[in-house]
Amino acid sequence: MSLFKSRGCYHLNGINDTKHLTSEKDVLTLPNEYAAKVYVPIVDPGKGLPITLSAKVGDHVLAGSLIGTRMMFGNAVNVYSPVSGTIVGEENLFHGGLGRPTKHFAIENDFKYECVKVCEPFSVESEPEVIIDAMQKLGCVGLGGAGFPTFIKYKNVSDIDTIVINGVECEPFLTTDYKAMIENAELLLMGTSMMVKAAGASKALICFKKNKVAIKEALLPLLGSKYPNIEIKLVPDVYPMGWERLLVKTATKRKYDKLPSEAHIIINNAQTAIELAKSSKTGFITTHKQITVSGGAVKENANVIVPIGTKVSEIVKFMGGYTKDEGVVLLGGPMCSKGLMNDNVAITTNVNGLTILEKVVREAQPCLRCGACSDHCPANIQPVEVKIAYQAKNIQRMMELSPTSCISCGLCSFICPSHIEVNDFVKKAKMLVTIEQGKIAAQQKAKAAAEAAAKKAAEEQTKPEVVEGGK
Amino acid sequence: MKFGMNPSPYYRSKRSTTQIMLELFIGLAVIWICSIVFNFVGSSTIDGVRAIVNPIITMVVAVVTEALFMLPKHIKEKGNFKGLMVKLLKSYGYISGLILALLLPVATSYYAIIISTIFAVAVGKMLFGGFGYNIFNPAIVGRIFCQTCFLSNMKYTADATVTTGATVTSVLGESGWSLEILDYKGFKLTDILLGNYQGALGETFTIVILVVGIVLMLRKVIDWRAPVFYLGSIFIASFFMGLAGGYGLDSFEYALVQISVGGIMFGAVFCITDPVTSPTSPAGRVIFALGAALVTMLIRVFGSVPEGVAYSILIMNALTPLIDASIKGLSNQHMKRKIITSSVMGALVLTSGIVAGATKIEKGYIVNYKENLVTETGKLKANITKLGDMKYQVAVTGNLGVNETKEIGEVAKLFESELQSYQEYFTNKEMYSKANYALSSKGVLQIVYTKASDKKKETITVQVDGKDFNVSPVIENGKYFVGGKDTGISAEEYPTVYATAIEKNVLKITFATDHTKDQELFLAYSTMTFNISIDYYNRTVNKTEFVSTSAVGDSSGGMGDKLLNYEGLYKLDENGEIVKDANGNPVLQGFASFMEYYPGGTKPAKEFYEKYIKVDSPVSFDEYLGHFNDSFIEVNEEVVKTNVTYSANGYMFMVNKAIEYAKYDQTIGKVK
């Protein structure tokens, strides 16, 4: 109970019921026939710009063949073909992250899954540089959802003391991390200790919700003498516990301004650690991804291992198809993800689930001003005030309320008893404020430039006068 | 499948505004039920029925008013009846209606209730755009409208002549905010906490409201910050108010009383928490609540109306947009500013309490007593006014050319109670032995405070025609001497005599004994009452008439218990034998028939005494009869006028008489 601050989290009612749809079921594997063609986006998932291609249509590729590179913070991030086969063409597919159709390479799968070694196998004993280099070569990205290249977090860091492994999975319906952590407990610990080594940290915290007892049971026997520097940290079952900032605060009581490294922490998803450990044995890239297919509007609910690049429509077909006439298909959990326009979408590495829900029409009531959104916002925004300012088109007030801090977790809309799309208002305000801030920055820049020019001109003008006066 | 595209998130809480409002309604209904029970049991059937009917009226009127506002748009949109019903259900007019009904006294006239409700909903809510857009709390708007326009209609019981002025809060406000006034008025702390007193329909049940409030807070129907800070700050400020007023440890009780009366608890739980009219941010709510507490304290103690809660909420409602606008940035930013603002607000509330305590509390203040008396010689008005601690002034005005103001001496606290409740003074043993009054022929009244436990120091100085008399107790040869005359009364038996004017020219004279010192005696103290008709001008007693005798006993098994406890008496037949029922048990009888055995009565007293009273007493009948010596009844006018100690109404009466007497010229035989 904080007096002036928001609580910053909330236990989502019924979240565990949604998770039980898939958590106790066996993990399925997508049969080959559903992955005859896989699709690799040839644009940067962050900015939407084309990537530098190193393959072209018609090429025969193996799993691990380089398709192109994109640049991020001055580092080259490799994009690989996830399967072996032939690039048969370029197709425009909807991209879940960018939210618009983008160019994809269509690769005809030859079902051989021949792999190319992209790096030499490595182990915990390897030098940190070797591991970081391997991360880069393997094209490791965060598998929790954001898809941030892992190696960038490790490159050029010096004072990291703790690795936080994020196995919280606070979104409803999703159980992929949960299942993966139980089934690959050994790999998880191995990958974690590699990360500890790579960062030069002293310990690692594996964090998951305290009601996920099965993970604890799977991990505990393996810990001990073999992994003395790995600890289990149980966190409460609240949303958005999986958000880096909240997790770091809860698990280590540390706060930071921009990046976790400020608090001497690197945070990685549990599946990232597992995949790193898998790849370390062979030097092969990650070719498959385990995703949760769940929600009320799909026939079968289960975790499925699918080749990266498989189309959503094919996966749904395998799961028995849609059960409702009108629904929402989401790449990821229902809280953060945006609805897809169609199911002609390729699964990328960072997708951790497919939530298919019946469309619910909610009639918004007038705002009660109950302040529940302000009282729970993890970013401490006052969403209701932002909404009022947005509706009043009061850009000054909007800027005061800094909606740019919004992490789009959706908790404000979730909690609103009047069913108002609060988060939508905050996002719109965020956009307006970003534009306005850009304008102001440009104005200031122009003003500064003009002033500098004026000053210069004035100086040039006054100089001869001074000289004259001297005479 | 068709792809839906509404904004994320796609997983929503099932909790809705309607659910919140229904839970609030249930909370209010609990208070409503309490008020129905209270009015049926504690008041009258009419009030009980009104307690049921009033909220129904306000709810129906509120919903109908809303419907009238909605109809034009609804017809334009060609909506059906069901649609309108859903709109009305989600406009929550019935909640405002119910709150308003609970804020109004039960016997407020119907038209006042109806017009206030229409005003509340129409002006307070619908004109601003309906639910969610109103600036002011509609129920509070209605309450203040009613108070402004229909004050004389706001009655607390159906047969009451008192209007809204006579609430506990206003009694406190008019009486120097002294805690003693509550004892004096008969308000007990437990009654105040439980709501066993007259007030607005739902505002009195402090503990029930508190419990409902806690449940609603836990269920997240209302935010905890506003009520906790509002109640907490008022409690602490009142505690310091009590301390500054000199109540010491009683300040705790003082603070409890303060937050229990005047609808503070109801306002804290149901009005200040109205989310629509209060700020949205946590910090804003804290500031809002502290502001409301400050305004409540100021209006209560320094304003002209003691009921500050409604006004404070209305004022803070108006400031809500300002508070909202002042909370900038993220909720974890500007913490210093928020803490400083809240601390300053809190300090202001506290200061208001301390200043109020230091300047407004008049400890020991009981009543600013005013009573009009009509005497046989003309209209005389005697007002007793409080001057300061224990100092009173009597001002007499009338049509006899009398116009005097006299300062009278110190009075015991309880003397004031006696003024009020002379009907009951014998039930309070301490009361009568503590305060004695005397009257002089000059109209200068001197009242000497005496302690019951130290009777020997008891002195009453009476000035009669400028000459001092020691009145009580002058004991010679075991007899009670008054004004230098032997009264023939044993000093032990009747140390005090009270006179009460019961009608024109008739005094009720009561002789009271106090045997508390002597537990051997079977009477703790006993009284004997006569009505005496007196001609004041001729100073003669026209008629004496025995009224009754009674006694208040202690646990030593005296007659007192038996006398006062009706059920302890047996019914007697014509022969004085106890009437027995079929089982052979004596039939119990009332007080009246028992009295027949006493002097002036018709039955042989001795027989009865021997048989039934003297069961466990060593006192013989003759000794006992000493209390009821017939000769004593012949009290002459002299005794009444100069030597009697007066009480209560008699006191008032005699003040007038004294002034009159002073004007009476014996030589010419009429008033000067």
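Our structure is the block above this text.
Presented here is an overview of the structure given in this document. (Residues numbered from 1 in each chain as written. Chains lettered and ligands numbered in written order. Predicted model: local features only at pLDDT ≥ 70, side-chain atom pairs only at ≥ 80, totals over all residues. Heavy atoms only, no water.)

Considerations on the nonpolar core
Judged by nonpolar contacts, the single largest core of 94 residues is most densely connected at Leu24(B), Leu28(B), Tyr230(B), Phe266(B) and Phe270(B). When residues of this core are assigned to their parent elements, the largest contribution, 13 residues, is made by helix 14 (residues 282–302) of chain B. Ala180(A), Ala201(A), Leu223(A) and Ala277(A) belong to the second-largest nonpolar core, a separate cluster that totals 47 residues. (Core = buried A, V, L, I, M, F, W, Y, C linked by side-chain atoms within 4.5 Å. Buried < 20%, exposed > 50% of the residue type's maximum accessible area, 1.4 Å probe, protein only. Helix = DSSP H or I, 4+ residues; strand = E, 2+ residues; numbered from the N terminus.)

Focus: the pattern of salt bridges
Tallied over the full model, the rule gives 30 salt bridges over all chains. Linking Glu326(A) and Lys359(A) is a salt bridge whose minimum nitrogen-to-oxygen distance equals 3.7 Å. On the criterion of sequence distance, the pair formed by Glu326(A) in strand 15 (residues 326–331) and Lys359(A) in the loop between strand 16 (353–358) and helix 10 (372–376) is long-range, its members being 33 residues apart. With relative accessibility at 29%, the residue Glu326(A) sits in the partly exposed group. Here Asp223(B) makes a salt bridge to Arg285(B), at a shortest N to O gap of 3.7 Å. Separated by 62 residues along the polypeptide, Asp223(B) in the loop between helix 10 (206–218) and helix 11 (225–244) and Arg285(B) in helix 14 bring together distant segments of the chain. A cluster of three or more residues bridged by salt bridges with shared partners is formed by Arg7(A), Asp375(A), Asp223(B), Arg225(B) and Arg285(B). (Salt bridge = Lys/Arg side-chain N within 4 Å of Asp/Glu carboxyl O.)

Re the sheet that holds strand 1 (residues 28–29) of chain A
The strands making up a sheet associate through backbone hydrogen bonding, with each pair oriented either parallel or antiparallel. Across the sheet, which stays open at both edges, the six strands sit in the order 1(A)-14(A)-13(A)-16(A)-15(A)-1(B) with mixed pairing between neighbours. With one partner strand each, in any of the chains shown, strand 1 of chain A together with strand 1 (2–3) of chain B form the two edges of the open sheet. As paired strands, strand 13 (residues 288–294) of chain A and strand 16 of chain A are joined by three bridges and run parallel to one another. Bridging across to strand 16 of chain A, Ser294(A) finds its partner in Thr355(A). Contacts from helix 1 (residues 15–23) of chain A reach strand 13 and strand 14 (302–307) of chain A within the one sheet, and its direction differs from that of strand 13 of chain A by about 125°. Each of strand 13 and strand 14 of chain A touches helix 4 (residues 176–183) of chain A; the most contacted strand, strand 13 of chain A, lies at about 130° to it. (Pairing = 2+ DSSP bridges. Contact = heavy atoms within 4.5 Å. Axes fitted to C-alpha atoms, helices over the stretch in contact; angles between N-to-C directions.)

Some details on the side chain of Thr277(B)
Residue and element names in this part refer to chain B. Locating Thr-277 in the fold gives a position in the loop between helix 13 (264–271) and helix 14. Of the polar contacts made by the side chain of Thr-277, one reaches the side chain of Asp-274; its length is 2.9 Å. If we ignore the near neighbours within four places in the chain, the residues touching Thr-277 are Asn-134, Ile-135, Phe-136, Asn-137, Phe-288, Asn-317 and Thr-320. (Polar contact = N/O pair within 3.5 Å; in protein donor to acceptor, adjacent residues only side chain to side chain.)

Thoughts on the environment of Ile107(A)
Residues and elements named next belong to chain A. By the secondary structure assignment, Ile-107 is in strand 8 (residues 100–109). For the pair Ile-107 and Lys-212, spaced 105 residues apart in sequence, the C-alpha separation works out to 39 Å. What Ile-107 contacts, discounting residues up to four positions off in sequence, is Ala-36, Lys-37, Val-38, Val-40, Val-61, Ile-67, Ser-81, Pro-82, Val-83, Gly-85, Thr-86 and Ile-87.

What to know about the interface of chain B and chain A
Chain B puts 52 residues into the contact, and the matching count from chain A is 70 residues. Interface of chain B and chain A: buried area, both sides summed, is about 5000 Å²; carbon and sulfur atoms make up 56% of it. If you sort the residues of chain B by the area they bury against chain A, Met1(B), Tyr11(B) and Arg12(B) come out on top, with a joint share of 17%. Along the contact surface separating chain B from chain A lie five salt bridges. Taken together, the residues of the side of chain B that touches chain A break down into 25 nonpolar, 16 polar and eleven charged. Of the pairings in the sheet, the one linking strand 15 of chain A to strand 1 of chain B comprises two bridges and is parallel in character. From the neighbouring strand, Gly327(A) faces strand 1 of chain B, where its bridge partner is Phe3(B). (Buried area = accessible area lost by both parts, 1.4 Å probe. Nonpolar A, V, L, I, M, F, W, Y, C, P; charged D, E, K, R; others polar.)

Some points on the packing of helix 1 (residues 17–43) of chain B against helix 4 (residues 93–103) of chain B
All names here are of chain B. Between helix 1 and helix 4, whose axes approach to 10 Å, the crossing angle comes to 25°. In this view, helix 1 runs roughly parallel relative to helix 4, as classed from their interaxial angle. The way helix 1 lies across helix 4 gives a crossing that is left-handed. Judged by residue contacts, Met-21, Leu-22, Leu-24, Phe-25, Leu-28, Ala-29, Ile-31, Trp-32 and Ser-35 of helix 1 engage Tyr-94, Ile-95, Leu-98, Ile-99 and Leu-102 from helix 4. Of the residues assigned to the contact of helix 1 with helix 4, the class counts are 13 nonpolar, one polar and no charged. (Parallel < 35°, antiparallel > 145°, perpendicular 65-115°, else oblique. Left-handed = near helix turned anticlockwise from the far one by under 90°.)

Some points on the packing of helix 4 of chain B against helix 6 (residues 138–149) of chain B
Residue and element names in this part refer to chain B. Helix 6 packs onto helix 4 with a crossing angle of 35° between their chain directions and a minimal axis gap of 8 Å. Crossing of helix 4 over helix 6 shows right-handed handedness. Packed against helix 4, whose contacting residues are Ser-96, Ile-99, Leu-100 and Leu-103, the element helix 6 presents Pro-138, Ala-139, Ile-140, Gly-142 and Arg-143 at the interface. In terms of residue class, the contact of helix 4 with helix 6 is made up of six nonpolar, two polar and one charged.

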